[in-house]
Amino acid sequence: MPLEGWDHLELWVGNAKQAAYFYEQAFGFRRAAYAGPETGVRDRASYVLEQGEIRLVVTSGLRRDSPICEFACLHGDGVKDISLRVPDATNAYREAVQRGARGTAEPHWLEDEFGKVELASIATYGDVVHTFVNRAGYEGAYLPGYVAHESTNGSDPGVGLLHVDHVVGNVELGRMEHWVEFYERVFGMTEMIHFSDEDISTEYSALMSKVLTDGEGKIKFPINEPAEGKRKSQIEEYLEFNHGPGSQHVAMASSNIVDTVDALKARGVLFLATPDAYYEDVGDRVGEIDESWDDLRRLRILADRDDDGYLLQIFTKTAQDRPTLFFEVIERHGARGFGDGNFKALFEAIEREQALRGNL
Ligand code: FE2
């Protein structure tokens, strides 16, 4: 199935007005469009936020019978839609449904004075959907029904987040293979073989993970399931508080992670702490890098190397009260992996957070 790239990520949240402010002020997104009661939409309010090629939409429901309110009540704030750009949404939908996907919105066109957009949606794990978007014939701010919005943070240059790198799903124990097979069958994706010492990563991360990717490697979907580890699995904690499967984290790429993380920290974004001990041997493990180890240590950025190069990454604390969705900033220098070598360090950091919440 031809996928042109990520279109947008839509989060269904309890209070989109405040969530939008958070992603603007803390993460440096700019407000691009809005739909809500003021624009004739009666049951919801949606804020479209952009940075680089990343488009984030936060939506909340306005009435108690709203499926958006129900979602936010059940799962907390989280990813509802991992939307993909396609050349033909009707074809993508038909192919997907023929291959066993469950349709959630039949192909349809939306139209306004800026052109028309073709949309269709299918279900994936949990209550998450993939909406196929064909916006080749559209020049408006986002979708018909949305009005372009003056950014509330005016000339804010953002923090240098460029594009979505990968979106991770957490699924129940024993269900990872099912979803691997789903993405292979429905999307024609392939499992990405990346270096990982499975025993070590399972012991420390208490998760099993496989990664699906489209032909060009633009779209990457790691799928996690819980595994027996040293302590209670972080995936189990997620599944408990999310009441089922869902998106665990969204990784966004930067070409200068040091400047990006400096800016995010100045804006108040909280990151997982990495122990000092991590920096004692990371240089030996990863080898030569372009960045200064002092900067990485100061900002608590993690590093890992695989056969193709190295990567730098850091994980935020969860973005809402429930220990569910969080974000990653990643800078790749050739490496195609996901920082498996950091599982141990990451696990130790997450474990401390879990202990503070009394869930360990
Ligand atoms: Fe990641």
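All of the points below concern the structure found in this document. (Residues numbered from 1 in each chain as written. Predicted model: local features only at pLDDT ≥ 70, side-chain atom pairs only at ≥ 80, totals over all residues. Heavy atoms only, no water.)

The next thing to look at is the nonpolar core. Membership of the largest hydrophobic core comes to 78 residues, with the highest contact counts inside it found for Y23, F27, V58, F132, F187 and F221. Sequence-distant contacts of F132, that is, excluding residues within four places in its chain, are made with M1, L84, V86, A89, A92, Y93, A96, E118, L119, A120, I122 and F187. In this structure, A32, V117, Y138 and Y146 belong to the second largest nonpolar core, which totals twelve residues. (Core = buried A, V, L, I, M, F, W, Y, C linked by side-chain atoms within 4.5 Å. Buried < 20%, exposed > 50% of the residue type's maximum accessible area, 1.4 Å probe, protein only. Contact = heavy atoms within 4.5 Å.)

The next point concerns the coordination of the iron ion. Protein coordination at the iron ion: the donors are H166 (NE2), H249 (NE2) and E328 (OE), at 2.0 to 2.2 Å from the metal. Counting the intervening residues between successive donors of the iron ion yields the motif H-x82-H-x78-E. Of this pair, H249 sits in strand β14 (residues 246–254) while E328 sits in strand β17 (residues 326–333), and the two are 79 residues apart along the sequence. Of the two residues, H249 and E328, neither departs from the other in class, the shared state being buried. (Donors = N, O, S within 2.8 Å, 3.2 Å for Na, K, Ca; no water. Helix = DSSP H or I, 4+ residues; strand = E, 2+ residues; numbered from the N terminus.)

Take the state of the cysteines next. Taken as a whole and assessed by the stated rule, the structure comprises zero disulfides. Unpaired in this structure, C69 has its nearest cysteine sulfur neighbour in C73, at a distance of 8.9 Å. Judged by relative accessible area, which is 25%, C69 ranks as partly exposed. Classification of C73 by relative accessible area gives exposed; the value is 61%. (Disulfide = S-S within 2.5 Å.)

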